[in-house]
Amino acid sequence: MKRFGHHLKLLFSDKKPSQSQTKQLCRGFCQGTKVVSPNQDDFAMISPRIKLRDGRHLAYLERGVSKDVAKYKIIIVHGFGSSKEMNFLAPQELIDELGIYLLQYDRAGYGESDPNPKRSLKSEALDIQELADQLELGPQFYVIGVSMGSYATWSCLQYLPHRLAGLALIAPVINYKWPSLPKSLIREDYRRKLVQWARWLASYCPKLLHWWVTQKWLPSAAVIEKNPAFFNKSDIDILKTLPGFPMLTKDSLREQVVFDTLRHDWRVAFGKWEFDPLKLTNPFPHSTSSSVHIWQGYEDKVVPSQLQRFVSGKLPWIHYHEVPDGGHLIVYYRGLCEAILRALLLGQEYIAYRPNKSALFALNGVEEDPTCRDHLTLPLHTPKD
């Protein structure tokens, strides 16, 4: 009865609940779970969480078939300003047919997970490993990283290769400080200068950055989402159907914990890495069923496809897929999540996403080696439409 009264108090409070609090309120009534009060600092979480060895908590949600009967167990790593609530559009029919269990979680400081003041490349990978161990996913599992969540995914290749059954990076960010990136390729890239400027402010002038991103005269997140400088036409059409990026609104950014989470995430993603991804070795040298994939939009205006092609060319054991009219938000494109899963789990590939291998080799300044052709893409087993 007290719980019900708490829900009513939230519903009829003078302060209008946010979108996330409204969602929590609905879940509270439907599932009998406590919700977040706008004026409560000490509130109960509505999602299941695990307690990590350092005392932090990670919140998660489970989808698909039960992990006890699942053939494929996949951990999905969300990107910048997102959360475990991101919609990975895997068809239910495919999930049931293949026996797929999906585990989505809030990275440190996001959603209902505790912040990690010591966030690093390695800590992100270790969070994934501990999450998998506490939920008893077994000795190996699949990882799919989206956008800036890809730096945690690269870290899994570095620190947890023995735990991986397969891995996919969707529109992964590229750090301009990677030592193997040629200066001639990135020198004139305007994104590099924006990233460097933002990281310098985040590192040395956080108070100035916090003031700046919350000013009324700056364009809102809604305006940025319609800006063709960041998103192509397909992305902008997709954004019309999505709730956007609630953590990036001015109201959210005014909250110090939100700002600090985004700031630390940015600093780790674009700071100096402890390893060079372009020097990684194939984690599955003797396996025909396990593989690593990169999915990239050709028209991506956040991460240029030219750089992604260079990375894939340097790592010929990575299977590179390119969406011809794709922007940065390809994970939300109709049918793409099914293609990603079929490639990762079954070794199937759609012809439409096969890149020009000669262009990959030309970008890396080498002649195409016929013996490497099959390493750039999976054996072609075209799924039925």
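To be clear, the structure that these remarks concern was listed above.
(A) Representation of the overall build of the chain within the structure. Within the chain, the secondary structure is distributed over 16 helices and 8 strands. Scored against the burial criterion, the 385 residues of the chain give a buried share of 54%. Of the contacts made within the chain by residues no fewer than 6 positions apart, 74% connect residues no fewer than 24 positions apart. Roughly 19000 Å² of accessible area belongs to the chain as shown, and the carbon and sulfur atoms make up 54% of that amount.

(B) Quick peek at the sheet that holds strand β3 (residues 72–77). Spatially, β1-β2-β4-β3-β5-β6-β7-β8 is the arrangement adopted by the 8 strands of the open sheet, whose pairing is mixed. Edge positions in the sheet fall to β1 (49–51) and β8 (318–323), since each has one partner strand and no second. The average undirected angle you get between the axes of adjacent strands in this sheet is 25°. In terms of strand pairing, strand β2 (residues 57–64) meets strand β4 (residues 100–105) through 5 bridges, oriented antiparallel. Looking across to β4, one finds that Leu-61 is bridged to Gln-104. Strands β3, β5 (141–146), β6 (164–170), β7 (292–297) and β8 of the sheet are contacted by helix α5 (residues 150–159), whose axis makes an angle of about 150° with β6.

(C) Structural detail: the side chain of His-321. Mapped onto the elements, His-321 comes out in strand β8. A relative accessible area of 0% means that His-321 is categorised as buried. A distance of 2.9 Å separates a polar atom in the side chain of His-321 from a polar atom in the side chain of His-293. Those residues within four positions of His-321 in sequence are excluded, and the remaining contacts are His-293, Ile-294, Trp-295, Gln-296, Ala-343, Glu-349 and Tyr-353.

(D) Molecular detail of the pattern of salt bridges. Within the structure shown, the criterion is met by 20 salt bridges. Residue Asp-114 is joined to Arg-49 by a salt bridge in which the shortest nitrogen-to-oxygen separation is 3.5 Å. Of this pair, Asp-114 sits in the loop between β4 and α4 (121–134) while Arg-49 sits in strand β1, and the two are 65 residues apart along the sequence. Between Asp-265 and Arg-107 there is a salt bridge whose closest N-O contact spans 2.7 Å. With a gap of 158 residues between them, Asp-265 in helix α12 (residues 256–270) and Arg-107 in the loop between β4 and α4 connect regions that are remote in the sequence. Each member of the pair, Asp-265 as well as Arg-107, carries the same accessibility label: buried. Via salt bridges that share partners, Lys-84, Glu-85, Asp-106 and Glu-112 belong to a single interconnected network.

(E) Quick peek at helix α14 (residues 336–346). Burial of α14 is extensive: 9 of the 11 residues sit out of reach of the surface. Looking only at α14, the buried set comprises Leu-336, Cys-337, Ala-339, Ile-340, Leu-341, Arg-342, Ala-343, Leu-344 and Leu-345. Where α14 ends, the next residue or the one after it, Gly-347, has phi of about 75°, a positive value.

(F) A look at the environment of Asp-265. For Asp-265, a relative accessible area of 0% puts it in the buried group. Residues Asp-265 and Phe-80, spaced 185 residues apart in sequence, show a C-alpha to C-alpha distance of 7.7 Å. Ignoring anything within four residues of it in the chain, the contact list for Asp-265 reads Phe-80, Arg-107, Tyr-110, Arg-119, Met-148 and Tyr-151.

(G) Fine view of the packing of aromatic side chains. Inspection of every chain in the model, using the stated rule, returns 10 aromatic pairs. Consider the rings of Tyr-72 and Tyr-142, whose centres lie 6.0 Å apart with planes at 65°: the pair is edge-to-face. Separated by 70 residues along the polypeptide, Tyr-72 in strand β3 and Tyr-142 in strand β5 bring together distant segments of the chain. Take Tyr-72 and Tyr-142: they sit in the same class, and that class is buried. Every member of this aromatic cluster is reached through a ring pair, and the members are Trp-154, Tyr-159, Trp-178, Trp-273 and Phe-275.

(H) Spatial organisation of the nonpolar core. By size, the foremost hydrophobic cluster in this structure holds 94 residues, and its most contacted members are Phe-88, Ile-144 and Trp-154. Residue contributions to this core peak at 8 residues, all from α14. Setting aside its immediate chain neighbours within four residues, Phe-88 contacts Arg-63, Ile-76, Leu-102, Gln-104, Ile-144, Ile-170, Val-331, Cys-337 and Leu-341. Counting residues in hydrophobic clusters, the runner-up holds 10 residues, among them Tyr-110, Val-258, Phe-259 and Leu-262.

(I) Fine view of the pairing of β5. Here β5 lies mainly inside the structure; 6 of its 6 residues are buried. The alternating pattern of β5 places Phe-141, Val-143 and Gly-145 on one face and Tyr-142, Ile-144 and Val-146 on the opposite face, and all of these are buried. For β3 and β5, the ladder comprises 4 bridges, and the chain directions are parallel. Bridging from a neighbouring strand, Ile-75 pairs with Val-143 of β5.

(J) Structural detail: the packing of helix α7 (residues 190–204) against helix α8 (residues 206–213). Between α7 and α8, the least distance of the axes is 5 Å, while the angle of their chain directions is 120°. Classified by the angle their axes make, α7 and α8 are oblique. Every residue of α8 that contacts α7 at Trp-197, Ala-198, Leu-201, Ala-202, Ser-203 and Tyr-204 is listed here: Pro-206, Leu-208, Leu-209 and Trp-212. For the contact of α7 with α8, the residue count by class is 9 nonpolar, 1 polar and no charged.

(K) Local environment of α7. Look at α7: 21 Å from first C-alpha to last across 15 residues, which is about the 21 Å you get at 1.5 Å a residue. Inspection of α7 places Arg-191, Arg-192, Val-195, Ala-198, Leu-201, Ala-202 and Ser-203 among the buried residues, and these make up the whole buried set. Buried residues in α7 make contact with α6 (183–186), α8 and α12.

Each value, and the rule that gives it
Residues numbered from 1 in each chain as written. Predicted model: local features only at pLDDT ≥ 70, side-chain atom pairs only at ≥ 80, totals over all residues. Heavy atoms only, no water. Helix = DSSP H or I, 4+ residues; strand = E, 2+ residues; numbered from the N terminus. Buried < 20%, exposed > 50% of the residue type's maximum accessible area, 1.4 Å probe, protein only. Contact = heavy atoms within 4.5 Å. Areas by Shrake-Rupley, 256 points an atom, 1.4 Å probe, with all protein chains shown as cover. Pairing = 2+ DSSP bridges. Axes fitted to C-alpha atoms, helices over the stretch in contact; angles between N-to-C directions. Polar contact = N/O pair within 3.5 Å; in protein donor to acceptor, adjacent residues only side chain to side chain. Salt bridge = Lys/Arg side-chain N within 4 Å of Asp/Glu carboxyl O. Phe/Tyr/Trp six-rings, centres within 6.5 Å; stacked < 30°, edge-to-face > 60°. Core = buried A, V, L, I, M, F, W, Y, C linked by side-chain atoms within 4.5 Å. Parallel < 35°, antiparallel > 145°, perpendicular 65-115°, else oblique. Nonpolar A, V, L, I, M, F, W, Y, C, P; charged D, E, K, R; others polar. Expected span 1.5 Å × (residues − 1).

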